[in-house]
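# Survey of secondary and tertiary structure
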Amino acid sequence: MKTVLFLRSQLFSRPHFARSALRRYSGFTKPFTSQLPTIYALSTPAHQTSAIAIIRISGSLCKYIYSQLVRSNEKPPIRKAILRNIYLPTSFRAEQLHRQKESKLLLDSSLLLYFQAPHSFTGEDVLELHVHGGKAVVNSILKAIDSLHDRSSGKDIRFAFPGDFSRRAFQNGKFDLTQLEGIKDLIDSETESQRRSALSSFNGENKILFENWRMSIIENMAQLTAIIDFADDNSQEIDNTDQIFHVVENNITLLRDEIITFMRKVEKSTILQDGIKLVLLGAPNVGKSSLVNNLTNDDTSIVSDIPGTTRDSIDAMININGYKVIICDTAGIREQSSDKIEKLGIEKARKKSIQSDLCLFIVDPTDSLKLVPENILTHVLSDTFKDKRVIIVVNKNDLVSSGDMVKVVNKLQIKFGEKYPIVSVSCKTKKGIESLIETLTKNFKCLSQSNVDSSPIIVSKRVTEILKNDVLYGLEGFFSSKDFDNDIVLATENLKYAADGIAKITGQAIGIEDILDSVFSKFCIGK
Ligand SMILES: Nc1nc2c(ncn2[C@@H]2O[C@H](COP(=O)(O)OP(=O)(O)OP(=O)(O)O)[C@@H](O)[C@H]2O)c(=O)[nH]1
């Protein structure tokens, strides 16, 4: 019976911290973080001059700070922007008075916004100062807030640590960890596709999904626990133990498959964060560097009519139609090269093209005899290139007639078959560049999405590791209990391991301080 009690207590008594931390703050009690110091930080980039800079303050001393800075006993209006003069606070002024003769030292005239707990990002009182973005203005106001710290009179005010505001939002149940990581990803997004893929975490879609998974595991654990209960209770019999186990097994199989599909989607989407590796390959002088420059709108590569100008691979991070792309211009591959450095460059070009996600093979149609050099044909048709995405780009279409272009395309189709799309462009006139970008975008979509309709999903490395090492590990452990004659206790233990894993992801687990430290240390100050 001991086992049953153990399982039940594990099953039905949720971690106290998790329950209290995630319970939506009702507004009738103080925020869970009310005992913590009031924090402040510059929430816009530091050490930069801008029209406006935003200083954010969160905690129970917001109103006090407000009254000291505006030198008024009025209450700040809630969620209403107001223009106020900001002065050096009295405490600070006292030590400065011998230098400054004015009775009120004006620091700035700023827009102020006050959010009353719990209706703020952190769940605490929050005061935002939209000050003029000069370094001196910002520094003087930060110093002024700092001067109000006086622990002896209970005025505990300190500069925020990285991720402090988000941590409080989590502690007050405003967001779960996946949502906060989503906000971080959203802020870090450099391209449109990254922004879109951060949304599933940010808008709470993933949170709901993970919670459903956890509830499903717990429900199945409950069914198994019932078997243990009945088995121990001699007065009742349970004949269909195997049947119940079978139902649970089916449920867990479906869940495991769902999690694996989710992880595949995430894996595909990571390419959006890392950048799609696009390599340009071709004989010397076909226009590789010109194409890089056309796609980047920049002079990233040196363009010259001397064959072999690019002797090494050049990487550049560019944004093509909302996708982060690491474009690599390589040394032109030619059969005979006596130059040692050029030879090394050619070898590197081959390697880079093998490691790429997508390869653009550029050809020059003006010399149909040298259209596809033998060594390049062998390379592209080799086994290492078997599953590679390749687009054949016929450059310099301004130099050939449309009739000749048809012949060139036919010739390419004979050599490569119908496997690769062929796009004709001119880096000189820009004709066809739009259509090439369209073809590229279609390929980027396929590379980053499991199917065209599904949106890419980005979750943190922390989440994928827990899904793999805890959740799937626990579920696999459940299946292995079959080898032990459907050992129900072992099966339930494994399911619990998986459920606890999900609790770690969302932040519902006991002893999550370490997890919190690791998550929020990656945030910036002021976030
Ligand atoms: N007419 C015309 N000339 C082009 C076009 N694209 C490139 N060129 C010219 O072709 C020459 C070679 O261009 P690059 O871009 O340096 O060629 P590359 O393939 O990078 O050359 P390597 O560095 O030798 O491998 C330059 O003189 C370019 O101006 C085009 O579309 N039309």
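Notes on the structure in this doc start here. Quick caveat: nothing in here was measured; it's all calculated off a predicted structure.

Now for the overall build of the protein. On a plain count of helices and strands, the protein comes out with 18 helices and 12 strands. By the burial criterion, 50% of the 527 residues in the protein qualify as buried. For the protein, the exposed area adds up to about 26200 Å²; of that, 53% sits on carbon and sulfur atoms.

Bringing unusual backbone geometry into the picture now. A cis amide bond links A117 to the next residue, P118, at an omega of 5°. One can find P118 in the loop between β4 (106–115) and β5 (126–133). Backbone geometry places N321, a non-glycine residue, at a positive phi of 50°. Among the structural elements, N321 can be located in the loop between β8 (314–320) and β9 (323–329). The exposure class assigned to N321 is exposed, which follows from its relative accessible area of 52%.

Here we take up the packing of helix α7 (residues 177–188) against helix α8 (residues 192–202). Direction vectors running N to C along α7 and α8 enclose 165°, while the axes themselves pass 7 Å from each other. Accordingly, the angle class assigned to the pair α7 and α8 is roughly antiparallel. Seen along the crossing, α7 lies across α8 with a hand that is left-handed. Of the residues in α8, those touching α7 at T178, Q179, G182, I183, D185, L186 and D188 are Q194, R195, A198, L199, S201 and F202. Residue composition of the contact of α7 with α8, grouped by class: 5 nonpolar, 5 polar and 3 charged.

Here the focus is the environment of L69. Counting through the fold element by element, L69 comes out in helix α3 (residues 62–70). Classification of L69 by relative accessible area gives buried; the value is 1%. The spatial distance from the C-alpha of L69 to the C-alpha of I86 is 5.2 Å, given a sequence separation of 17 residues.

Another point: the nonpolar core. Counting 49 residues, the largest nonpolar core has L278, L291, I327, L360, L412, F416 and L440 as the members making the most contacts within it. In this structure, M221, L224, M263 and I488 belong to the second largest nonpolar core, which totals 33 residues.

On to the sheet that holds strand β3 (residues 82–87). Sheet architecture is open: 6 strands sit in the order β3-β4-β5-β2-β1-β6, paired in mixed fashion. Looking at the sheet topology across the chains shown, the edges are occupied by β3 and β6 (157–159). For this sheet the average axis-to-axis angle between neighbouring strands, irrespective of direction, equals 30°. For strand β2 (residues 50–58) and β5, the ladder comprises 8 bridges, and the chain directions are antiparallel. Pairing of S58 across the sheet is with V126, part of β5. Against the sheet, α3 contacts β1 (38–42), β2, β3, β4, β5 and β6, and its axis sits at roughly 70° relative to β3.

Attention now goes to the pairing of strand β11 (residues 389–394). The two faces of the sheet receive side chains in turn, since in a regular strand these alternate between them. With 5 of 6 residues buried, β11 lies mostly within the body of the structure. Pairing of strand β10 (residues 358–363) with β11, which is carried by 6 bridges, proceeds in the parallel orientation. By the bridge assignment for β11, V363 is matched with V394. The β-α-β motif built from β10, the intervening helix α13 (residues 374–381) and the parallel element β11 has right-handed crossover chirality. The pairing of β11 with strand β12 (residues 422–424) spans 3 bridges and is parallel.

Let us look at the packing of helix α16 (residues 461–480) against helix α17 (residues 488–506). Between α16 and α17, the shortest axis-to-axis distance is 7 Å and the interhelical angle comes to 165°. In terms of axis orientation, α16 runs roughly antiparallel to α17. For the element pair α16 and α17, the recorded crossing hand is left-handed. Taking contact as the criterion, the partners of R462, V463, I466, L467, N469, D470, V471, Y473, G474, L475, G477 and F478 in α16 are, on α17, A491, N494, L495, Y497, A498, G501, I502, K504 and I505. Here the residues of the contact of α16 with α17 sort into 13 nonpolar, 5 polar and 3 charged.

Let us look at the state of the cysteines. Here, disulfide denotes a covalent bond that connects the sulfur atoms of two cysteines. Within this structure, the stated rule accounts for 0 disulfides. With no disulfide partner, C328 has as its closest neighbouring cysteine sulfur the one in C359, 9.6 Å distant.

The next subject is the packing of aromatic side chains. Under the counting rule described, the total for this entry stands at 11 aromatic pairs. Taken together, a centroid distance of 5.5 Å and an interplanar angle of 55° make the contact between F210 and W213 tilted. Pair noted here: F210 and W213 are both in helix α9 (residues 205–232), with a separation of 3 residues, about one helical turn. Across the pair, W213 and F210 agree in class, each one buried. Each ring, one from F245 and one from F478, has its centre 5.5 Å from the other, and the planes form 15°; the classification is stacked. Separated by 233 residues along the polypeptide, F245 in helix α10 (residues 241–274) and F478 in helix α16 bring together distant segments of the chain. With relative accessibility at 0%, the residue F478 sits in the buried group. Each residue in the set F210, W213 and F262 is aromatic and connected to the rest through ring pairs, giving one cluster. Sitting above the plane of the F165 ring, R56 keeps its charged end 4.7 Å from the centroid.

With respect to the element layout, R264 can be found in helix α10. R264 sits in the exposed class, given a relative accessible area of 56%. In sequence terms R264 and Q449 are 185 residues apart; their C-alpha atoms lie 9.3 Å from each other.

Criteria and cut-off values
Residues numbered from 1 in each chain as written. Predicted model: local features only at pLDDT ≥ 70, side-chain atom pairs only at ≥ 80, totals over all residues. Heavy atoms only, no water. Helix = DSSP H or I, 4+ residues; strand = E, 2+ residues; numbered from the N terminus. Buried < 20%, exposed > 50% of the residue type's maximum accessible area, 1.4 Å probe, protein only. Areas by Shrake-Rupley, 256 points an atom, 1.4 Å probe, with all protein chains shown as cover. Axes fitted to C-alpha atoms, helices over the stretch in contact; angles between N-to-C directions. Parallel < 35°, antiparallel > 145°, perpendicular 65-115°, else oblique. Left-handed = near helix turned anticlockwise from the far one by under 90°. Contact = heavy atoms within 4.5 Å. Nonpolar A, V, L, I, M, F, W, Y, C, P; charged D, E, K, R; others polar. Core = buried A, V, L, I, M, F, W, Y, C linked by side-chain atoms within 4.5 Å. Pairing = 2+ DSSP bridges. Right-handed = clockwise from strand over helix to strand, strands pointing away. Disulfide = S-S within 2.5 Å. Phe/Tyr/Trp six-rings, centres within 6.5 Å; stacked < 30°, edge-to-face > 60°. Lys NZ or Arg CZ within 6 Å of the ring centre and 35° of its normal.

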